[in-house]
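Given next are the chains, with one letter for each unit.
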Amino acid sequence: MATLSGSRAGARSRGAPVRRIERSGPEYPERLTHLYDPPERLWARGPIRLPPDRMIGIVGTRRATEYGRRMAHDLAFDLATAGWVIVSGLAYGIDVMAHRAALEAGIPTVAVLGHGFSTLYPPAHREVARQIIRQGALVTDFHSFTGPERNNFLRRNRIIAGLSDATLVIESAETGGALITAELAKGYNRDVLAVPGRVT
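Predicted model only: the values in this text are computed from it and were never measured.

**Observations regarding the pattern of salt bridges**
Right, so step 1: Under the criterion given, the structure shown has 12 salt bridges.
Right, so step 2: Of the charged contacts in the structure, one is a salt bridge between Arg134 and Glu127, with a shortest N-O distance of 3.7 Å.
Right, so step 3: On the basis of relative accessible area, Arg134 is assigned to the exposed category, the value being 58%.
Right, so step 4: Of the charged contacts, one joins Asp141 and Arg158 as a salt bridge, the two residues approaching to 3.1 Å between their closest N and O atoms. With Asp141 in the loop between strand 6 (137–140) and helix 5 (150–163) and Arg158 in helix 5, this pair connects stretches of sequence that are 17 residues apart.

**Quick word on unusual backbone geometry**
Right, so step 1: Note that the residue after Tyr121, namely Pro122, is joined by a cis bond; omega there is 0°.
Right, so step 2: Note on placement: Pro122 falls in the loop between strand 5 (109–112) and helix 4 (126–135).
Right, so step 3: Here Leu90, not a glycine, exhibits a phi torsion of approximately 60°, which is positive.
Right, so step 4: Looking at the element boundaries, Leu90 is found in the loop between strand 4 (85–88) and helix 3 (94–105).
Right, so step 5: Residue Leu90 is classed as buried on the basis of its relative accessible area, which comes to 0%.
Right, so step 6: For Asn189, which is not a glycine, the phi torsion comes out positive at approximately 65°.
Right, so step 7: Checked against the element boundaries, Asn189 lands in the loop between helix 6 (177–187) and strand 8 (191–194).
Right, so step 8: Residue Asn189 is classed as exposed on the basis of its relative accessible area, which comes to 69%.

**Quick word on the confidence of the model for the chain**
Right, so step 1: Per-residue confidence for the chain averages 89 on the pLDDT scale, and 92% of its residues sit at or above 70.
Right, so step 2: Low confidence marks residues 5–13, where pLDDT is under 50. Its contacts with residues over four positions away, or in another chain, come to 17 contacts.

**Considering the layout of surface pockets**
Right, so step 1: Taken as a whole, the largest pocket holds about 520 Å³ of empty space.
Right, so step 2: Lining of the largest pocket is provided by 22 residues; of these, Arg62, Arg150, Gly176, Gly177 and Ala178 occupy positions nearest its centre.
Right, so step 3: Put simply, the parts of the chain that give the lining of the largest pocket at least two residues each are helix 5 and helix 6.
Right, so step 4: A total of 6 residues in the lining of the largest pocket trace back to one element, the largest contributor, which is helix 5.
Right, so step 5: Each residue belonging to the lining of the largest pocket can be placed in one class, and the counts come to 9 nonpolar, 8 polar and 5 charged.

**Some remarks on the sheet that holds strand 8**
Right, so step 1: Strand order in the open sheet made by the 8 strands is 1-2-6-5-4-3-7-8, with mixed pairing throughout. Where the open sheet ends on each side, the last strands, each with one partner, are strand 1 (19–22) and strand 8. This sheet shows a mean twist of 25° between the axes of neighbouring strands, independent of strand direction.

**Focus: the nonpolar core**
Right, so step 1: Core analysis: the biggest nonpolar cluster contains 26 residues, and Leu42, Val87, Val110, Val112, Val139 and Leu163 have the highest contact counts within it.
Right, so step 2: Where this core is concerned, the elements lending two or more residues are strand 2 (41–45), strand 3 (55–59), strand 4, strand 5, strand 6, helix 5 and helix 6.
Right, so step 3: Non-local contacts of Val139, meaning those with residues more than four positions away in its chain, are made with Leu42, Trp43, Ala44, Leu50, Val110, Ala111, Val112, Leu113 and Phe117.
Right, so step 4: Within the second largest apolar cluster, 18 residues are counted, among which are Ile56, Ile58, Tyr67 and Ala72.

**With respect to the environment of Ser24**
Right, so step 1: Relative to the helices and strands, Ser24 is located in the loop between strand 1 and strand 2.
Right, so step 2: Exposure remark for Ser24: the relative accessible area of 75% places this residue in the exposed category.
Right, so step 3: Expressed as a C-alpha distance, the spacing of Ser24 and Glu40, which sit 16 residues apart in the sequence, is 8.5 Å.

Basis of the calculations
- Residues numbered from 1 in each chain as written.
- Predicted model: local features only at pLDDT ≥ 70, side-chain atom pairs only at ≥ 80, totals over all residues.
- Heavy atoms only, no water.
- Salt bridge = Lys/Arg side-chain N within 4 Å of Asp/Glu carboxyl O.
- Buried < 20%, exposed > 50% of the residue type's maximum accessible area, 1.4 Å probe, protein only.
- Helix = DSSP H or I, 4+ residues; strand = E, 2+ residues; numbered from the N terminus.
- pLDDT = per-residue confidence, 0-100.
- Contact = heavy atoms within 4.5 Å.
- 1 Å grid on protein atoms, 1.4 Å probe; cavity = no way out; pocket = protein on both sides within 12 Å on 5 of 7 lines; lining within 4 Å.
- Points joined across faces, edges and corners; volume = space filled by probe spheres on them.
- Nonpolar A, V, L, I, M, F, W, Y, C, P; charged D, E, K, R; others polar.
- Pairing = 2+ DSSP bridges.
- Axes fitted to C-alpha atoms, helices over the stretch in contact; angles between N-to-C directions.
- Core = buried A, V, L, I, M, F, W, Y, C linked by side-chain atoms within 4.5 Å.

What follows is the structure, encoded as C-alpha cells:
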C-alpha cells in the first residue's frame, strides 16, 4: 500500500501541508452546502483553493476499453484547456486518464479520495497523486488513518458530484460507481452528461 503522510510535519516535508477546511470556514465549497449530507470538514493537499469557478466531474469504469480511455483523455484535455477544472476519483481506468489529461494540459485537477492521507489507493497512482499535489489538490473527508474500504469510495462520490457543475460519464457498468455518481449529481440538480458508444 502506498502512503501519503497524513501528518502536517510529514506533508510539509513533501512541500504540501494538509489543510483542514471546516464547514464554517471561508474555503469550504459553497456548492457542498447544497448536499443533503455535506461533510462537516475536508482535508486538502495542493495549491488550488476550493472551489474553482468551473468544475466538471469525469467518471467511469475501472475496466475501461481503449475507446473509453481515449475519450476520457481527449475530452478531459479539451475541457481543461477550455478552462474547466477536472474532478475525479484517482481510480484505475477513466478516472486516472482524466487526471493525466488535465496534468498534461497544465491545468489544475482535483482528486477526491476514498480514504485518509496516511495511505494512497491505488498505489500505482502515487506519481500521479504527487503531480496533482503540485498542480491541483487531493481532497478527502476521511480522517488520516481511514483505509480504502469499499463503502468509503461510494461515499466520496457525493463530493465529486457535489463539487462539479456537471458530471460526465464516459463508460460504466450497469451497477458501477460512475452511475451512482451520476444519480447523485442528478439529485443535486447538476447536469449529467454521457459519451455515447463509438462517437468516432
